[in-house]
Structures are given as structure tokens and as C-alpha cells.
Amino acid sequence: EDPPSADPPDDAPPRRRVRLTHPDRIYWPDAGLTKEGLADYYAEVWRLMAPFVTDRPLALVRCPEGIGGPRFFQKHPWQGLDRSILRPVDPKAPEDAPYLAIRDLDGLTALVQGAALEIHPFGSTIADWERPDILILDLDPGEGVAWEQVLAAAREVRERLEKAGLSAFVKTSGGKGLHVCAPLKPKADWTAAKAFAKALADAMAADSPGLYVSTIAKTKRKGRILIDYLRNQRGQTAVAPYSTRAWPGAPVSMPLAWEELSPDIGPGHFTALNTPTRLAALDRDPWGEFRATAAPLPPPP
Ligand code: ATP
Ligand code: MN
Ligand code: MN
């Protein structure tokens, strides 16, 4: 059993209880970020990240040898997992291997111990697998698209979501694009959520065919932005707010306030290394109102 521990003061990162083997193992050589450094990063952001990663099935990008080695996209438990990791069974496929979920920072730390360098949650919780509580429009710029164009796309998605009665929040992906997310009251099912997201993407592509596409065909993407609505399907995932990415520089998917969208903040601007400075300078959580502003899925726009 774990030793008893005093609770830290409210604003201090919670104390770590899960043991890290080889804490000095380097996961991001270029950034000098180690396993222990990653666990410390997650302790710093945990308070803000928790609502988006707890109690939902998770897919992980595991890189046991760091970002330069082999990588596995993994949704199911492996040998030697800490007991802080939940193993929820898909009620629709009870014969399948269990999934992975966490409830607290111990769980996330145990994932770090397992070399999970990216955390990709489902859009529904293990309390209700069938009804998503988040809608994600993933903006994927094609070759030659200027960043300003991606910013404009995000603002347009926001406008359309708000017009439909949803609130909208934006984050960098830590890769090449932006994600615009709308909190949902988990009432409508996946079929309805996907239909809504597809209708929104199709409408943008129809209104501005020179700027946007809503189909995956790579040939059509050059110079345009794919409004990728396919995150909104049962079993699909998107990278979590504050998750690191297994790419050079240790970029993170960073929640932003809409006023922060600017040419100065590119998709990989925020990293595990500069995030503590960002958090210290923030006067409010840019996604603090996420759950409070959730609304039921409206009819397709
Ligand atoms: P970018 O901004 O570069 O597009 P992204 O995270 O949005 O970054 P995408 O390729 O648009 O990347 O989205 C892919 C999403 O699909 C991932 O975020 C992940 O959750 C999910 N996914 C599904 N299968 C895989 C896989 N085998 N490997 C990695 N991601 C996968
Ligand atoms: Mn993307
Ligand atoms: Mn995509």
C-alpha cells in the first residue's frame, strides 16, 4: 500500500505516488526532456488537464526508447500496468480487450512510466460511451497554407458553432494545425455528432471551396485546409489538451483564449519546457468555462 502523505497546498502540484523506473531516461533528446521531467510537467498542468483526460477511454502513443525509437498507438492494457489505471470494458463489445482510463494524476504518471508520450482521449466518458461530451473540428492545413489562413478557419468554425448555439474553444494541436472544440451535454449519440460536424465542414467547403475541403482526398488539399470532422466517431480520438507530442521540441497541445490567436503563436509554439512560464503568466484558465458552457447538440447547421 502507498504510504500516507500530507495533502499539498491547493496551488502546489500534487505529490507523486507512482514510482518511476529510470527517471533519467531521455524521451526527447533535443529538448533534454526525461521521463521524470515529463512526469513533473504533467504534475504542473494536472489541475487544468484533468477534466479532459479522466474517466474516458484513452489511446496512447508509446515510445519506450523516446521519440527517436519505435512508436505504438495503443488503446489496450499491457503487462505490468500500475493499479491506478482503470481497465474499462466497452459495453458494446464486452468480449474485446479492456480499454485504458485514468482517474487521477497517479494514473497519468503511471502512463508516463509506461512511456506514453501522447494522450488521446475518446470524446465520450466511460460513464456513457455512446454520447460524446465534446465535439472536435480538427483543422488540417494542406501544403502551402499560410498560418493566418488557419487562424481565419478557426474563427469561422467558432462563428458557425456559436450560431448553432454551442460554445467554442481553441487549442494548438502541437503538430501542424488547430483544434476547435465545443463542449456538449452528453445527450445526442455519435451518429448525430458526426452528422453535425460533417454538415458544418461541408458548409464551409461549399461556401469557400478555394479555402476549405471536407473530404480526406489528399489531392484536393493542396493550398486548402481540411476541416477534419472524422474525430467525431465512436472509437476515434484526438490529442488531449496539454498532452505532449512525440516530436522534436516536446510540443504540447495548448488551450488558448480566442484573443491569443495570432501569427506569433504557431502550432508548435508551446512545449513542455515553456508551459510552466505560460501558466505562471496566465490570469485565468482559457478553457475554464468549458464544462459550464456545455449545450446539447443542435440539429445539423
Ligand atoms: P496536426 O495538427 O498535425 O494535424 P493532429 O493531432 O490533429 O495534429 P491529425 O493527423 O489531424 O493530427 O489527427 C490524427 C488523430 O487521429 C490523432 O490526434 C489521433 O488521436 C488519431 N489517430 C488515430 N489513429 C492513429 C494512429 N495510428 N497514430 C496516431 N494517431 C492516430
Ligand atoms: Mn489535425
Ligand atoms: Mn486530422
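Residues numbered from 1 in each chain as written. Chains lettered and ligands numbered in written order. Predicted model: local features only at pLDDT ≥ 70, side-chain atom pairs only at ≥ 80, totals over all residues.

1. A closer look at the pairing of strand β10 (residues 178–183)
Line of reasoning, step 1. Burial of β10 is extensive: six of the six residues sit out of reach of the surface.
Line of reasoning, step 2. Along β10, one buried face is formed by Leu178, Val180 and Ala182 and the opposite face, lined by His179, Cys181 and Pro183, is buried too.
Line of reasoning, step 3. Of the strand pairs in this sheet, strand β8 (residues 134–141) and β10 are connected by six bridges, and their pairing is antiparallel. Opposite leucine 137, over in β10, you have valine 180 as the bridge partner.
Line of reasoning, step 4. In this antiparallel pair of consecutive strands, strand β9 (residues 169–172) and β10, the connection spans five residues, and glycine 174 shows a positive phi of 80°. (Buried ≥ 20, exposed ≤ 12 C-beta atoms within 10 Å, placed from the backbone. Helix = DSSP H or I, 4+ residues; strand = E, 2+ residues; numbered from the N terminus. Pairing = 2+ DSSP bridges.)

2. A look at the site of ligand 1
Line of reasoning, step 1. In the region of ligand 1, 13 residues are neighbours, and His120, Ser173, Gly175, Lys176 and Gly177 sit closest.
Line of reasoning, step 2. Its residues assigned to classes, the shell around ligand 1 shows four nonpolar, five polar and four charged. (Near = placed C-beta within 6 Å. Nonpolar A, V, L, I, M, F, W, Y, C, P; charged D, E, K, R; others polar.)

3. Section: helix α2 (residues 105–113)
Line of reasoning, step 1. With eight of its nine residues buried, α2 lies for the most part within the structure.
Line of reasoning, step 2. Listing the buried residues of α2 in full gives Leu105, Gly107, Leu108, Thr109, Ala110, Leu111, Val112 and Gln113.
Line of reasoning, step 3. Positioned one or two residues after α2, alanine 115 has a phi angle of 65°, which is positive.

4. What to know about the nonpolar core
Line of reasoning, step 1. In this structure, Leu137, Leu139, Ala154, Val180 and Ile227 are the most contacted members of the largest nonpolar core, which totals 78 residues.
Line of reasoning, step 2. If you tally residues by element for this core, the top one is helix α1 (residues 35–53), at eight residues.
Line of reasoning, step 3. When sequence neighbours within four positions are dropped, the list of residues in contact with alanine 154 reads Leu139, Val170, Leu178, Val180 and Leu261. (Core = buried A, V, L, I, M, F, W, Y, C linked by C-beta atoms within 7 Å. Contact = placed C-beta atoms within 7 Å.)

5. Brief notes about the sheet that holds strand β7 (residues 116–121)
Line of reasoning, step 1. Taken in spatial order, the three strands line up as β4-β3-β7 in an open sheet, and their pairing is antiparallel. At either end of the open sheet lies a strand with only one pairing partner, and these are β4 (72–74) and β7. Averaged over all neighbouring strand pairs, the angle between strand axes comes to 20°, with direction disregarded.
Line of reasoning, step 2. Bridging between strand β3 (residues 58–62) and β4 involves three bridges; their strand directions are antiparallel. Note that in β4 the partner of arginine 62 across the bridge is phenylalanine 72. (Axes fitted to C-alpha atoms, helices over the stretch in contact; angles between N-to-C directions.)

6. A closer look at the sheet that holds β10
Line of reasoning, step 1. Spatial strand order, β11-β12-β8-β10-β9-β13: six strands in an open sheet with mixed pairing. Two strands close off the open sheet at either side, each with one partner strand: β11 (212–213) and β13 (255–256).
Line of reasoning, step 2. Bridging between β11 and strand β12 (residues 225–228) involves two bridges; their strand directions are parallel. Counted as the bridge partner of tyrosine 212 is isoleucine 225 from β12.
Line of reasoning, step 3. Packed onto the sheet, helix α3 (residues 147–163) meets β8, β9, β10, β11 and β12 and runs at close to 10° relative to β10.
Line of reasoning, step 4. Helix α4 (residues 190–207) rests against β8, β11 and β12 of the sheet, and its axis sits at about 35° to β8.

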